[in-house]
Amino acid sequence: MEKGLENFGFREIIVIIFPGLYFFSLLLPINNHVTFIDFNNSIANNVIFILLSLLLGIVLYWVDIPKKLWFFNNNLPTTILIKEFPKIEKFKIINSYFSFYDTISEEQRKKTDTYTSLYHFSVNISIISFALIILYIIFPPFNYGFIAIAILILSCANIIGLFYGERKIKYMFNRQISGYKNSESFKELQK
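Anyway, here's the lowdown on the structure attached to this text. (Residues numbered from 1 in each chain as written. Predicted model: local features only at pLDDT ≥ 70, side-chain atom pairs only at ≥ 80, totals over all residues. Heavy atoms only, no water.)

**Considering the overall build of the chain**
Line of reasoning, step 1. Assigned secondary structure in the chain consists of 11 helices and 0 strands.
Line of reasoning, step 2. Going from N to C terminus, the chain has its helices and strands arranged as α-α-α-α-α-α-α-α-α-α-α.
Line of reasoning, step 3. Across the 191 residues in the chain, those meeting the buried criterion constitute 38%.
Line of reasoning, step 4. Here the analysis covers contacts within the chain between residues at least 6 apart in sequence; of these, 73% occur between residues at least 24 apart.
Line of reasoning, step 5. Per element, the accessible surface of the chain, about 11800 Å² overall, is 65% carbon and sulfur. (Helix = DSSP H or I, 4+ residues; strand = E, 2+ residues; numbered from the N terminus. Buried < 20%, exposed > 50% of the residue type's maximum accessible area, 1.4 Å probe, protein only. Contact = heavy atoms within 4.5 Å. Areas by Shrake-Rupley, 256 points an atom, 1.4 Å probe, with all protein chains shown as cover.)

The structure is reproduced here in structure tokens:
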């Protein structure tokens with residue numbers, strides 16, 4: 001448990017907090033025209049703003065939509081290995097792969113963690129941007145909708161770059177699969 005909390009670092013905190021703050025900050029201009037929440041600069045309302053932002057971020061982090069997207073999920077090392085070796089029990093493959101993953105260099109794990117955290121962040125921001133665009137269409141004026149559109153475009157470009165870019169997520173996953181197939185963990189799995 002302590003190891004898990006140690007690994008829960010600054011990146012994860014940003015991935016949780018920022019999407020909610022972004023959503024509710026760009027919701028404020030709509031709120032001025034159609035009142036959802038009465039934000040009148042009181043301390044209580046500011047606390048509510050922060051708590052709602054945090055709650056939205058936690059829900060997005062917990063639901064983990066980025067990992068469920070087909071192009072990401074289909075390229076996960078465990079998904080590829082399970083498809084490649086259908087006769088081997090799924091959980092044996094997963095346990096074997098993660099035994100191997102624990103042995104790769106700290107630098108490789110940090111790169112993979114950094115890229116996947118940025119990917120998760122970008123997907124969550126693009127989902128929120130899309131939701132904001134819809135809200136701005138429903139509740140005009142659309143002035144701030146252009147900010148959401150720009151952020152949506154940048155987030156989508158970042159998703160593609162992080163996943164398919166040279167030496168990025170897909171490359172890292174394929175490299176890890178190759179390393180795994182040459183590892184002792186894989187040899188033990190084949191027995």
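Read on for the rest.
**What to know about helix 7 (residues 90-101)**
Line of reasoning, step 1. With 12 residues, helix 7 extends 16 Å from end C-alpha to end C-alpha; this agrees with the ideal 16 Å at 1.5 Å per step.
Line of reasoning, step 2. If you follow the buried residues of helix 7, they end up packed against helix 6 (77-84), helix 8 (106-138), helix 10 (169-181) and helix 11 (184-190). (Expected span 1.5 Å × (residues − 1).)

**Examining helix 10**
Side chains three or four residues apart in an α-helix point the same way, a direct result of the helix having 3.6 residues per turn.
Line of reasoning, step 1. Given a rise of 1.5 Å per residue, 13 residues ought to cover 18 Å, and the 18 Å separating the end C-alpha atoms of helix 10 matches this to within 8%.
Line of reasoning, step 2. Along helix 10, the residues classified as buried are Ile169, Met172, Phe173, Gln176, Ile177 and Tyr180. Buried residues along helix 10 cover an arc of 135 degrees about the axis, so they all sit on one side.
Line of reasoning, step 3. On its buried side, helix 10 packs onto helix 5 (70-73), helix 6, helix 7, helix 8, helix 9 (145-164) and helix 11. (Arc of directions from axis to C-beta.)

**Looking at the side chain of serine 185**
Line of reasoning, step 1. With respect to the secondary-structure elements, serine 185 resides in helix 11.
Line of reasoning, step 2. Not counting chain neighbours up to four residues away, the residues in contact with serine 185 comprise Ser96, Ser99, Phe100 and Tyr180.

**Digging into the nonpolar core**
Line of reasoning, step 1. Of all hydrophobic cores here, the largest spans 16 residues; its most connected members are Tyr22, Phe23, Leu27, Ile128 and Leu132.
Line of reasoning, step 2. Breaking this core down by element, the ones donating at least two residues are helix 2 (10-33), helix 3 (43-63), helix 8 and helix 9. (Core = buried A, V, L, I, M, F, W, Y, C linked by side-chain atoms within 4.5 Å.)

**Observations regarding the layout of surface pockets**
Line of reasoning, step 1. Within this model, the largest pocket holds a volume of roughly 1000 Å³.
Line of reasoning, step 2. The wall of the largest pocket is formed by 30 residues, among which Glu12, Lys67, Tyr101, Asp113 and Thr116 lie closest to the centre.
Line of reasoning, step 3. Put simply, the parts of the chain that give the lining of the largest pocket at least two residues each are helix 1 (2-7), helix 2, helix 3, helix 6, helix 7, helix 8 and helix 10.
Line of reasoning, step 4. In terms of residue count, helix 8 provides more of the lining of the largest pocket than any other element does, 9 residues in total.
Line of reasoning, step 5. Taken together, the residues of the lining of the largest pocket sort by class into 12 nonpolar, 9 polar and 9 charged. (1 Å grid on protein atoms, 1.4 Å probe; cavity = no way out; pocket = protein on both sides within 12 Å on 5 of 7 lines; lining within 4 Å. Points joined across faces, edges and corners; volume = space filled by probe spheres on them. Nonpolar A, V, L, I, M, F, W, Y, C, P; charged D, E, K, R; others polar.)

**Re the packing of aromatic side chains**
Line of reasoning, step 1. Under the defined criterion, the tally for this structure stands at 20 aromatic pairs.
Line of reasoning, step 2. Ring pairs connect the aromatic residues Trp70, Phe71, Phe72, Tyr119, Phe163, Tyr164 and Phe173, which therefore count as one cluster.
Line of reasoning, step 3. The ring of phenylalanine 91 is capped by lysine 90, whose NZ or CZ atom sits 5.9 Å from the centre of that ring. (Phe/Tyr/Trp six-rings, centres within 6.5 Å; stacked < 30°, edge-to-face > 60°. Lys NZ or Arg CZ within 6 Å of the ring centre and 35° of its normal.)

**A closer look at the environment of leucine 27**
Line of reasoning, step 1. With respect to the element layout, leucine 27 can be found in helix 2.
Line of reasoning, step 2. Taking the C-alpha atoms as reference, leucine 27 lies 8.8 Å from tyrosine 136; in sequence the two are 109 residues apart.

**Some points on the pattern of salt bridges**
Line of reasoning, step 1. Across all of its chains, the model carries 5 salt bridges by this definition.
Line of reasoning, step 2. Aspartate 64 is the partner of lysine 67 in a salt bridge, and the nearest nitrogen-oxygen pair spans 3.9 Å.
Line of reasoning, step 3. Linking lysine 111 and glutamate 107 is a salt bridge whose minimum nitrogen-to-oxygen distance equals 3.9 Å. Here lysine 111 and its partner glutamate 107 are both found in helix 8, 4 residues apart, which amounts to about one turn of the helix. (Salt bridge = Lys/Arg side-chain N within 4 Å of Asp/Glu carboxyl O.)

**Overview of unusual backbone geometry**
Line of reasoning, step 1. Positive phi outside glycine occurs at aspartate 64, with the angle close to 55 degrees.
Line of reasoning, step 2. Along the chain, aspartate 64 falls in the loop between helix 3 and helix 4 (65-68).
Line of reasoning, step 3. Located in the positive-phi region is arginine 167, a residue other than glycine, with phi close to 60 degrees.

**Topic: the packing of helix 8 against helix 10**
Line of reasoning, step 1. Remark: helix 8 packs on helix 10, axes separated minimally by 10 Å, with the N-to-C direction vectors making an angle of 140 degrees. Between helix 8 and helix 10, the angle falls in the class oblique. Crossing of helix 8 over helix 10 shows left-handed handedness. Together, Gln108, Lys111, Thr112, Tyr115, Thr116 and Tyr119 of helix 8 and Ile169, Met172, Phe173, Arg175 and Gln176 of helix 10 make up the contact between the two elements. (Axes fitted to C-alpha atoms, helices over the stretch in contact; angles between N-to-C directions. Parallel < 35°, antiparallel > 145°, perpendicular 65-115°, else oblique. Left-handed = near helix turned anticlockwise from the far one by under 90°.)

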